[in-house]
Amino acid sequence: MSPRPAEGWPVPIGTAADRAGVSARMVRHYESLGLLAQVARTDSGYRQYTEADVHTLRFIRRARDLGFSMDEIVTLLGLWQDKQRASSQVKQIAQRHIDDLAERIAAMQAMQRSLQALVGCCQGNDRPDCPILDDLANAPGQ
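How each quantity is defined
Residues numbered from 1 in each chain as written. Predicted model: local features only at pLDDT ≥ 70, side-chain atom pairs only at ≥ 80, totals over all residues. Heavy atoms only, no water. Helix = DSSP H or I, 4+ residues; strand = E, 2+ residues; numbered from the N terminus. Buried < 20%, exposed > 50% of the residue type's maximum accessible area, 1.4 Å probe, protein only. Lys, Arg positive; Asp, Glu negative; His and termini not counted. Salt bridge = Lys/Arg side-chain N within 4 Å of Asp/Glu carboxyl O. Polar contact = N/O pair within 3.5 Å; in protein donor to acceptor, adjacent residues only side chain to side chain. Contact = heavy atoms within 4.5 Å. pLDDT = per-residue confidence, 0-100. Disulfide = S-S within 2.5 Å. Axes fitted to C-alpha atoms, helices over the stretch in contact; angles between N-to-C directions. Parallel < 35°, antiparallel > 145°, perpendicular 65-115°, else oblique. Left-handed = near helix turned anticlockwise from the far one by under 90°. Nonpolar A, V, L, I, M, F, W, Y, C, P; charged D, E, K, R; others polar. 1 Å grid on protein atoms, 1.4 Å probe; cavity = no way out; pocket = protein on both sides within 12 Å on 5 of 7 lines; lining within 4 Å. Points joined across faces, edges and corners; volume = space filled by probe spheres on them.

Thoughts on the side chain of Asp53
Then, number 1: Looking at the secondary structure, you find Asp53 in helix α3 (residues 51-65).
Then, number 2: For the buried Asp53, no salt bridge is present, and the opposite-charge side chain at shortest range is Arg47, 9.7 Å distant.
Then, number 3: Here Thr50 takes part through its backbone nitrogen, which lies 2.9 Å from a polar atom of the side chain of Asp53.
Then, number 4: Leaving out residues up to four positions away in the same chain, Asp53 has contacts with Leu36, Val39 and Gln48.

Below, the structure is given as structure tokens:
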């Protein structure tokens, strides 16, 4: 007699997706990218997900929530699964991501300041002249 699976496992894709907080479409996408190991299938071909699969899906979802790229997530998954890894590798990836976020935030704040200045110059009345449109039309060429 083979050992029984843990109560409630394995589960179909919809249940796994619900438990992980992602859509079934994203589960299939992550599978196609190789982020999930090959999942078992029933005799009729339905995917069956284990508790470990759902844990991996939660890991991916959290990494996406923090803005990591798919390439970074692949690397982080590999490190997570490698119990011999050095935490310095993980910290290095996270620090690069923080640095990238800081650059993007600074660029967005510069855009916000520019737009605020343009909005401040615009009368916002019934006249056709508009410094916002003028600025957009007079953007320097590349």
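So, the confidence of the model for the protein chain
Then, number 1: Looking at the protein chain as a whole, the pLDDT averages 93, with 95% of positions reaching at least 70.
Then, number 2: Averaged over each element, pLDDT in the protein chain is lowest for strand β1 (residues 40-41) (92) and highest for α3 (98).

Quick notes on unusual backbone geometry
Backbone geometry follows two general trends: most residues other than glycine have a negative phi, and most peptide bonds adopt the trans configuration.
Then, number 1: With omega at -10°, the peptide bond leading from Trp9 into Pro10 counts as cis.
Then, number 2: If you trace the backbone, Pro10 turns up in the segment before α1 (13-20).

Quick notes on the state of the cysteines
What is meant by a disulfide is a covalent connection between two cysteines, made through their sulfur atoms.
Then, number 1: Scanning the entire structure with this criterion turns up zero disulfides.
Then, number 2: No disulfide involves Cys121; its sulfur sits 8.8 Å from the nearest other cysteine sulfur, which is in Cys122.
Then, number 3: Cys130 supplies the cysteine sulfur nearest to Cys122, a cysteine that is in no disulfide, at a spacing of 4.0 Å.

Concerning the pattern of salt bridges
When the charged atoms of two side chains lie near each other, side chains of opposite charge can form a pair.
Then, number 1: Applying the stated criterion across every chain yields a total of four salt bridges.
Then, number 2: The salt bridge partner of Asp100 is Arg104, with a shortest N-O separation of 3.1 Å. With Asp100 and Arg104 both in helix α5 (residues 87-121) and four residues apart, this pair spans about one turn of that helix.
Then, number 3: Overall, the relative accessible area of 32% leaves Asp100 in the partly exposed class.
Then, number 4: Given the relative accessible area of 47%, Arg104 is considered partly exposed.
Then, number 5: Here Asp129 makes a salt bridge to Arg127, at a shortest N to O gap of 3.3 Å.

Brief notes about the packing of helix α4 (residues 70-81) against α5
Then, number 1: The contact between α4 and α5 brings their axes to 10 Å, and the two run at 160°. Classed by the angle they form, the pair α4 and α5 counts as roughly antiparallel. When you trace α4 past α5, the crossing you get is left-handed. Residue-level contacts link Glu72, Thr75, Leu76 and Leu79 of α4 to Gln89, Val90, Ile93 and His97 of α5.
Then, number 2: Per-class residue counts for the contact of α4 with α5 are four nonpolar, three polar and one charged.

So, the layout of surface pockets
Then, number 1: Volume-wise, the largest pocket comes out at about 160 Å³.
Then, number 2: Lining the largest pocket, in full, are Phe59, Arg62, Ala63, Leu66, Phe68, Leu76, Leu79, Trp80, Arg85 and Val90.
Then, number 3: Per-class residue counts for the lining of the largest pocket are eight nonpolar, no polar and two charged.

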